[in-house]
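# Working through the structure, step by step
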Amino acid sequence: MIDFLLTIFFGCLALVSLTAAVAWLWRLLYGGATTQEMTTYVRTEDGWRLAVHRYPPAGDPKTLPILLCHGLSSNRFTFDLPGGPSLARFLQSMGCDVWVVELRGSGMSDRPGLFQANVPYSWVFHDHLRRDVPAVVDHVLRQTQAPSLHWVGHSMGGMLVQAHLAKNPDAPIASVVAVGSPVEFSRFSNQILKSLARFGWILRLIPIFPLTIFWKCLAPWIHLFPRSIVSLFHPPNIDSNLSGAVVALASETITTSGVWADFSRFVTTRRFAPPEGEDYITGLASTPVPILAIAGSRDGMANPETTVASNIISEPAGERKQLILGTEAGCAQEYGHVDLVVGDRVEREVFPHIMEWIRNHDPLAVP
């Protein structure tokens, strides 16, 4: 019996090790580095060290600082993909002082390794919301001496800032752009993910979400998978090399099961809420901060109906706008989830909308 168990254990260990090695091989193959001028670090109240990367303008900034925040199991490459589009560099070229945060467990921030870790293997959405968000906002404002900042978040990055504003309506945030960020899970329509979410309870039993490791092994072939299975992007809207680079570089190999379990709960309960208590965005209507929700017409992770919560947010104190990008909006292709920030035409079809929103809601912006 012991021999059998040892065989299973070492077999699984060998499989995971081999899979991780292949994932890192693809990372080296796609290669490249982000182009920030400097990286600073901030400690959260519970001791995690977060990396914050800066892309300063050539001269005096033309707007308040802009903070970019990635999504679940992602990192800084979302906004500065080697050989691909870079929202960070685009905004920098517009004269903006750009900061890119990597949340706990991602990129150059504190994160666990495959076989050892100096930080816990498990953290949850609440940790990002209550600890990471306030720490990085305070850090950027201290570094720049600005009274407030603009927040641009992709996926979970946009969910976090809206949940933060719901509880802190007067937070020093000048405007929000939430890109592919679901906040109304009663309208979530991806049937495959809804079926998988029913097994979310299993994630509470293991510290590491295993699929992210195996997913990265598919990087060179990810564009061949049907959109209904991949759900990450609309294949016609992103070059195959870019889609491979996204999976190889912008997704984390080791990631917590805790946040994935939270998202499974959001889907199964049809509520963007903690295990107990009111919805995260209850109270969002009371913030005067203007919010732009950008959605992809074919987003499998955040269909357009999920990106605004009209049944909760009525008569908001600040401006609210939704922009659904696809052929009906004049785009060359429909948009998915990740190609909203790294697609083939984002510099012409997506990034200008973000810059326009920021300029229209910035006291320093020059018309």
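What you are looking at is a predicted structure, and each value in this text was computed from that prediction instead of being measured.

Of note in the backbone geometry, S155 takes a positive phi value of approximately 55 degrees without being a glycine. As for its placement among the helices and strands, S155 is situated in the loop between β5 (149-154) and α4 (156-167). Classification of S155 as buried rests on a relative accessible area of 12%. Positive phi, normally seen in glycine, also occurs at R270, with a value near 65 degrees. By secondary structure assignment, the location of R270 is in the loop between α9 (257-269) and β7 (291-296). By relative accessible area, which is 42% here, R270 ends up partly exposed.

Turning to the packing of aromatic side chains, a few remarks are in order. In the structure shown here, the tally under the stated rule is 13 aromatic pairs. Aromatic side chains F266 and F272 sit 5.1 Å apart centroid to centroid with 85 degrees between the ring planes, which places their arrangement in the edge-to-face category. Each member of the pair, F266 together with F272, is buried. The ring of Y41 has R49 lying over it, and the distance from NZ or CZ to the ring centre is 3.9 Å.

Our next topic: helix α12 (residues 351-360). Since there are 3.6 residues in each turn of an α-helix, residues three or four apart along the chain are aligned in direction. Listing the buried residues of α12 in full gives F351, I354, M355, W357 and I358. Each buried residue of α12 sits inside an arc of 160 degrees when the element is viewed along its axis, so together they form one side.

Attention now moves to the nonpolar core. L67, F125, W151, M156, I173, V176 and F272 are the most contacted members of the largest nonpolar core, which totals 51 residues. Every element with two or more residues in this core is listed here: β2 (49-55), β3 (66-69), β4 (98-102), α3 (125-144), β5, α4, β6 (173-179) and α9. The leading source of residues in this core is α3, at eight residues. Setting aside its immediate chain neighbours within four residues, F125 contacts M156, L160, V259, D262, F263, F266, F272 and Y280.

Procedures and definitions
Residues numbered from 1 in each chain as written. Predicted model: local features only at pLDDT ≥ 70, side-chain atom pairs only at ≥ 80, totals over all residues. Heavy atoms only, no water. Helix = DSSP H or I, 4+ residues; strand = E, 2+ residues; numbered from the N terminus. Buried < 20%, exposed > 50% of the residue type's maximum accessible area, 1.4 Å probe, protein only. Phe/Tyr/Trp six-rings, centres within 6.5 Å; stacked < 30°, edge-to-face > 60°. Lys NZ or Arg CZ within 6 Å of the ring centre and 35° of its normal. Arc of directions from axis to C-beta. Core = buried A, V, L, I, M, F, W, Y, C linked by side-chain atoms within 4.5 Å. Contact = heavy atoms within 4.5 Å.

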